[in-house]
Amino acid sequence: MSVAKVSEIKASSPVSFDDAIRQGIDRAHKTLDNVRSAWISDQEVMVDEAGKISEYRVLMKVTFLLKG
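All figures in this text were calculated on a predicted structure; none of them were measured in a lab.

Caption draft 1: Examining the pattern of salt bridges more closely. Applying the stated criterion to the full structure yields five salt bridges. Its salt-bridge partner being Lys67, residue Asp33 comes within 3.2 Å of it at the nearest N-O pair. Pair noted here: Asp33 is in the loop between α1 (17-31) and β2 (35-47) and Lys67 is in the segment after β3 (53-65), with a separation of 34 residues, a long-range link. Taking relative accessible area as the criterion, Lys67 reaches 67% and is therefore assigned exposed. With a closest N to O distance of 2.9 Å, Glu55 and Arg57 form a salt bridge. The class of Glu55 is partly exposed, set by a relative accessible area of 22%. Residue class for Arg57 comes out partly exposed when judged on its relative accessible area of 24%.

Here is the structure:
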């Protein structure tokens with residue numbers, strides 16, 4: 001029997017949502033063992049004074065298996 005846990009992670013990138021997701025997964029993989037999946041629960045952008053997008057942010061829930 002496997003037991004999984006979910007951790008909520010917020011990641012950001014100046015490039016794109018996709019890059020923010022990749023960075024979040026990479027960071028989760030360094031800290032958590034047995035990362036198995038993730039889903040994006042929210043997205044947001046930060047806008048600079050000129051009205052341009054300066055940062056893409058994602059809130060994701062990462063599922064990992066606990067060691068048994």
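Caption draft 2: Region of the structure containing α1. In this model, α1 (15 residues) spans 21 Å end to end at C-alpha, consistent with the 21 Å of a helix rising 1.5 Å per residue. Those residues of α1 lying buried are Ala20, Gly24 and Ala28. An end-on view of α1 places all buried positions within 65° of arc, on one side of the element. Away from the buried face of α1 by more than 90 degrees, exposed residues His29 and Lys30 are located. Among the structural elements, β1 (4-13), β2 and β3 are those in contact with the buried residues of α1. By the N-cap criterion, in which a side-chain oxygen at the helix start approaches the backbone nitrogen of a residue two or three places on, α1 is capped by Ser16, the distance to Asp18 being 3.5 Å.

Caption draft 3: Seen up close, the side chain of Ser13. Within the secondary structure, Ser13 is located in strand β1. Judged by relative accessible area, Ser13 falls into the buried class, the value being 0%. Setting aside residues no more than four positions away along its own chain, Ser13 makes contact with Asp19, Ala20, Gln23, Glu55 and Tyr56.

Caption draft 4: View of the packing of aromatic side chains. Tallying each qualifying case throughout the model produces one aromatic pair. Seen from their ring centres, Phe17 and Tyr56 are 5.1 Å apart, and the 75° between their planes marks the pair as edge-to-face. Here Tyr56 lies in strand β3 and Phe17 lies in helix α1, a separation of 39 residues in the sequence. The class for Phe17 is partly exposed, based on a relative accessible area of 23%.

Reading the values: rules and limits
Residues numbered from 1 in each chain as written. Predicted model: local features only at pLDDT ≥ 70, side-chain atom pairs only at ≥ 80, totals over all residues. Heavy atoms only, no water. Salt bridge = Lys/Arg side-chain N within 4 Å of Asp/Glu carboxyl O. Helix = DSSP H or I, 4+ residues; strand = E, 2+ residues; numbered from the N terminus. Buried < 20%, exposed > 50% of the residue type's maximum accessible area, 1.4 Å probe, protein only. Expected span 1.5 Å × (residues − 1). Arc of directions from axis to C-beta. Contact = heavy atoms within 4.5 Å. Polar contact = N/O pair within 3.5 Å; in protein donor to acceptor, adjacent residues only side chain to side chain. Phe/Tyr/Trp six-rings, centres within 6.5 Å; stacked < 30°, edge-to-face > 60°.

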